[in-house]
Amino acid sequence: MAEIATAAAALTRQGVPTFGLFIGGEWVESTGGQTFESRNPADRRDLIGRFQAGTAADAARAIRAAETAFPVWRAMPAPKRGEILYAFGQLMAQHKERLAQAMTREMGKVIAEARGDVQEGIDIAFLMAGEGRRMFGDTVPSELPDKWAMSIRQPIGVAGIITPWNFPIAIPCWKMMPALVAGNTVVFKPASDTPHCATLLVELMAEAGFPPGTVNLVTGSGAEVGDAIVESPDVAVISFTGSSATGKHIAERAGRRLKRLSLELGGKNGVVVLADADLDLATDGILWSAFGTTGQRCTACSRVIVDRTVVDRLLGRLETRARALRLGSGADPSVDVGPLINAGAVDKVAGYIDIGRSEGELIVGGERATAGDLAHGHFFAPTIFSGVRPMDRIGQEEIFGPVLSVIPVDGYDAAVIALNQTRYGLSSSIFTSDANAAFRAMRDFETGIVYINAGTTGAETHLPFGGWKETGNGHREAGHAALDTYLEWKSIYVDFSGKLHRAQIATPPD
Ligand code: NDP
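## Some words on the overall build of the chain
So, point 1. From N to C terminus, the chain includes 14 helices and 23 strands.
So, point 2. Over its C-alpha trace the chain gives a radius of gyration of 25 Å, about what one expects of a compact globule, namely 24 Å for 510 residues.
So, point 3. The 510 residues of the chain split such that 57% are buried.
So, point 4. For the chain, the proportion of contacts with a sequence separation of at least 24, taken over those separated by at least 6, is 72%.
So, point 5. Per element, the accessible surface of the chain, about 20300 Å² overall, is 54% carbon and sulfur.

## A short note on the sheet that holds strand S7 (residues 138-141)
So, point 1. Strand order in the open sheet made by the three strands is S7-S8-S23, with antiparallel pairing throughout. The open sheet has two edge strands with one neighbour each: S7 and strand S23 (487-495). In this sheet, adjacent strand axes meet at a mean angle of 20° when their direction is disregarded.
So, point 2. Looking at chain direction, S7 and strand S8 (residues 147-155) are connected through four bridges and run antiparallel. Note that in S8 the partner of Thr139 across the bridge is Met150.

## A closer look at the pattern of salt bridges
So, point 1. Taken as a whole and judged by the stated rule, the model has 28 salt bridges.
So, point 2. Its salt-bridge partner being Asp227, residue Arg253 comes within 2.0 Å of it at the nearest N-O pair. Taken together, the positions of Arg253 in helix H8 (residues 244-256) and Asp227 in helix H7 (residues 222-231) put the pair 26 residues apart, joining distant regions of the chain.
So, point 3. Taking relative accessible area as the criterion, Arg253 reaches 8% and is therefore assigned buried.
So, point 4. On the accessibility criterion, Asp227 (25% relative accessible area) is partly exposed.

## Concerning the side chain of His378
So, point 1. Take His378: it is sitting in the loop between strand S16 (361-364) and strand S17 (383-386).
So, point 2. Given the relative accessible area of 11%, His378 is considered buried.

## A look at empty space enclosed by the protein
So, point 1. Tallied over the full model, the rule gives two cavities of 30 Å³ or more.
So, point 2. Reported here for the largest cavity is a volume of approximately 90 Å³.
So, point 3. Every residue lining the largest cavity is counted, 14 residues in all, and those nearest its centre are Gly295, Ala300, Ser302, Glu398 and Phe400.
So, point 4. By residue class, the composition of the lining of the largest cavity is six nonpolar, five polar and three charged.
So, point 5. Taken as a whole, the second largest cavity holds about 60 Å³ of empty space.
So, point 6. Of all elements in the fold, only strand S14 (269-273), helix H13 (411-420), strand S19 (424-425) and strand S20 (427-431) reach the threshold of two or more residues within the lining of the second largest cavity.
So, point 7. Taken together, the residues of the lining of the second largest cavity break down into three nonpolar, eight polar and four charged.

## Concerning the site of the ligand
So, point 1. Lining the immediate environment of the ligand, one finds 28 residues, of which Trp165, Ser192, Ser243, Leu265 and Glu398 sit closest.
So, point 2. Taking Leu265, its main chain carries an N or O atom lying 2.6 Å from a nitrogen atom of the ligand.
So, point 3. Relative to its unbound accessible area of 870 Å², the ligand is 83% covered by the protein chains.
So, point 4. Judged by the proximity of its atoms to the pocket grid, the ligand belongs to the largest pocket.
So, point 5. Looking at the shell around the ligand, the elements with two or more residues in it are H7, strand S12 (237-241) and H8.
So, point 6. Take the shell around the ligand: its biggest share by element is four residues, from H8.
So, point 7. Partitioned by chemical class, the residues of the shell around the ligand number ten nonpolar, twelve polar and six charged.

## Considering the packing of aromatic side chains
So, point 1. Following the criterion strictly, the structure yields eight aromatic pairs and no others.
So, point 2. Measuring from centroid to centroid gives 6.1 Å for Phe36 and Phe51, while their planes differ by 40°, and the two rings are tilted. Of this pair, Phe36 sits in strand S5 (residues 35-40) while Phe51 sits in strand S6 (residues 43-52), and the two are 15 residues apart along the sequence.
So, point 3. An angle of 80° between the planes, with centres 5.7 Å apart, marks the rings of Trp165 and Phe400 as edge-to-face.

## Some words on the packing of H13 against helix H14 (residues 435-444)
Axes are the key here: two packed helices are described by the angle between their axes and the distance separating the axes.
So, point 1. Running from N to C, H13 and H14 cross one another at 30°; their axes reach a closest spacing of 11 Å. Judged on the interaxial angle alone, H14 and H13 are roughly parallel. In this structure, the crossing between H13 and H14 has a hand that is right-handed. The segment H13 lies against H14, with Tyr412, Val416 and Asn420 engaging Ala437, Arg440, Ala441 and Asp444.

## A few points about the confidence of the model for the chain
So, point 1. Mean pLDDT over the chain works out to 95, with 96% of the residues at or above the 70 mark.
So, point 2. Taken together, the stretch residues 7-11 has pLDDT below 50 and engages in nine contacts with residues farther than four places along the chain or on a different chain.

## Some points on the layout of surface pockets
So, point 1. Here the largest pocket is characterised by a volume of approximately 820 Å³.
So, point 2. What lines the largest pocket is a set of 41 residues, and nearest its centre among them are Trp165, Gly242, Ser243, Ser244 and Thr246.
So, point 3. Breaking the lining of the largest pocket down by element, the ones donating at least two residues are H7, S12, H8 and helix H11 (343-359).
So, point 4. The element best represented in the lining of the largest pocket is H8, accounting for six residues.
So, point 5. Residue composition of the lining of the largest pocket, grouped by class: 17 nonpolar, 15 polar and nine charged.
So, point 6. Roughly 350 Å³ of internal volume is contained in the second largest pocket.
So, point 7. Sorting the residues of the lining of the second largest pocket by element identifies helix H4 (111-131) and helix H5 (170-181) as the ones contributing at least two each.
So, point 8. Of the residues forming the lining of the second largest pocket, the biggest block, five residues, is contributed by H4.
So, point 9. Tallied by class, residues from the lining of the second largest pocket come to nine nonpolar, six polar and seven charged.

Conventions used here
- Sequence order sets the numbering: in each chain, residues are counted from 1 along the sequence as written.
- It should be noted that, the model being predicted, local features are given only for residues of pLDDT at least 70 and side-chain atom pairs only at 80 or more, the latter also being counted only at that level, while totals for whole chains, interfaces and linings use all residues.
- By convention in this description, side-chain values take in all heavy atoms of the structure and omit both hydrogens and water.
- Numbered from the N terminus, helices here are DSSP runs of H or I no shorter than four residues, and strands are runs of E no shorter than two.
- Only the C-alpha atoms count toward the radius of gyration. The rule for a globule is 2.2 Å times the residue count to the power 0.38.
- We call a residue buried when its accessible area falls under 20% of the maximum for its residue type, exposed when it is over 50%, and partly exposed in between, using a 1.4 Å probe and counting protein chains only.
- Contact definition: two residues touch when any of their heavy atoms are within 4.5 Å.
- Per-residue and other accessible areas follow the Shrake-Rupley method at a 1.4 Å probe size, with only the shown protein chains counted as cover for residues.
- Any two strands with at least two DSSP-identified bridges between them are counted as paired.
- Comment: axis = line fitted to C-alpha atoms, over the contacting stretch for helices; angle = value between 0 and 180 degrees taken between N-to-C directions.
- Should a side-chain nitrogen of Lys or Arg be within 4 Å of a carboxyl oxygen of Asp or Glu, the pair is scored as a salt bridge.
- For cavity detection a 1 Å grid was placed over the protein atoms alone, and a set of points counts as a cavity when a 1.4 Å probe fits there but cannot get out; an open set counts as a pocket when protein lies on both sides within 12 Å along at least five of seven lines, with lining residues being those that have an atom within 4 Å of a point.
- Grid points are joined across faces, edges and corners, and a volume is the space filled by probe spheres set on the points.
- Throughout this entry, Asp, Glu, Lys and Arg are counted as charged residues, while Ala, Val, Leu, Ile, Met, Phe, Trp, Tyr, Cys and Pro are counted as nonpolar. The remaining residues, Gly among them, count as polar.
- Each residue is tested against the molecule or strand, and it is near if at least one of its non-hydrogen atoms lies within 4 Å.
- Polar contact is defined as a pair of N or O atoms within 3.5 Å, subject to the rule that within protein one atom must be able to donate a hydrogen and the other to accept it, and that residues adjacent in sequence are counted only when both atoms are side-chain atoms.
- Placement in a cavity or pocket follows one criterion, namely that more than half of the molecule's atoms lie within 2 Å of its grid points.
- Two aromatic rings from Phe, Tyr or Trp, using only the six-membered ring of Trp, form a pair when their centres are within 6.5 Å; if the ring planes differ by under 30 degrees the pair is stacked, by over 60 it is edge-to-face, and anything between is tilted.
- Put simply, angles under 35 degrees are roughly parallel, angles over 145 are roughly antiparallel, angles from 65 to 115 are roughly perpendicular, and the rest are oblique.
- A crossing counts as left-handed when the near helix is turned anticlockwise from the far one by less than a right angle, and as right-handed when that turn is clockwise.
- One number per residue, pLDDT, summarises how confident the predictor is, and it ranges from 0 to 100.

Take a look at the structure:
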């Protein structure tokens, strides 16, 4: 039987560690006895470890552990729960570099961005630790004499947390920190592309003092483990980030059980560049948003909607700078663009290049990058198409790779129409030196996040994060709004009149 490693402590089989599930405070093997591998997308020869291919029975075990832990955890005063989150934030800060290196190795983003990803986790841990001392309800006057009226918020129960690979520390923290400070317990199913990051995170949570059963980790496939979590009648709330297709699938099944569900799905984020924009600044913002994390951010910019009078000047700048971007392993600090997550992602991007060639003009990129060591990883050249029309497929569909479409339009009104003509609504931005146009954009853009004179990425943890339309279902992560997903309202009336008062019905005189 394989030995279970928590960190890289116990090495098995040619020095490759095998990691466990974390259930009820113990690192355990899956009941199914199967494992799967996690490899470095920049170099597939680099095997990070083997992970438990969890089963529905493992998910059920984890849910039971979370149910058992719930009454004790919810009874702990919220400020005390917050202190454990704070200790966890401090531990993450202490281990920031180790977590960032592990992230770059497992999912490929360049090391500076991996550090930022960990920092988002630290920020939300500290923010939510503070919420343990707030988590306010309302105290309001009653319409009746000698009556007290107030509302409080209470935890819901077991929270199922299902996350993607693109922010493998930040997104789990953005979900688990509010869930836990609110008094819920957690069953966490990470993406199968990033089980190592999830394991390191949960190790630190255990070290920070979350009691056994409060946080449970079940690695394994979405179809097996994710499905079991969504279908379980004992999981009261689900928080999911990932593709729109999976999100809809989960929503149908959670809907049948009337479960609380928070969805954070796809995006097709646009940058508008008006004729009066600072084009150098716009170029900086567009490149960072389009090719950072190799275009694999939910807030990545994949459309530039530009006033026709400046399109050539902007395109010239974008092309020169895109050609100079350096591809390679994100562990090398001089690298600008890391690999895509897996072979399927490379195929998907390549498929959109074929579509793009028939819809616009290929300016730069458009091919797999396989020179030298790149041949061992999933690399794709940063790609720009020009002359794209708003309703073209590459202008409408989420590619989730380093592909940018430039869409020329005539003036602000046409830009707003093009920007909003999409089924998604996560992030948007405008570059302009006209304050009036900036304020119109703040009003007109149909997205949950709007940037003025900046790219489409760069959310801060104390503001609500989430999208309109098919990007989500109205919930928000981050900020105090994140707590809404994990709390139930309770309205309380205290009558100290000594009489029977009936609301909305006149009380007879004495
Ligand atoms: P998925 O939606 O397939 O995966 C996200 C998470 O859901 C993973 O943990 C996955 O597990 C799990 N999952 C998969 N199927 C089920 C299921 N039936 N029930 C419950 N959970 C399930 O996204 P991908 O990672 O495959 O990425 C594909 C696309 O998703 C991207 O091209 C992009 O369009 C979008 N995406 C959007 C993100 C965003 O932040 N908005 C983030 C990541 C992706 P497993 O890994 O085991 O399959």
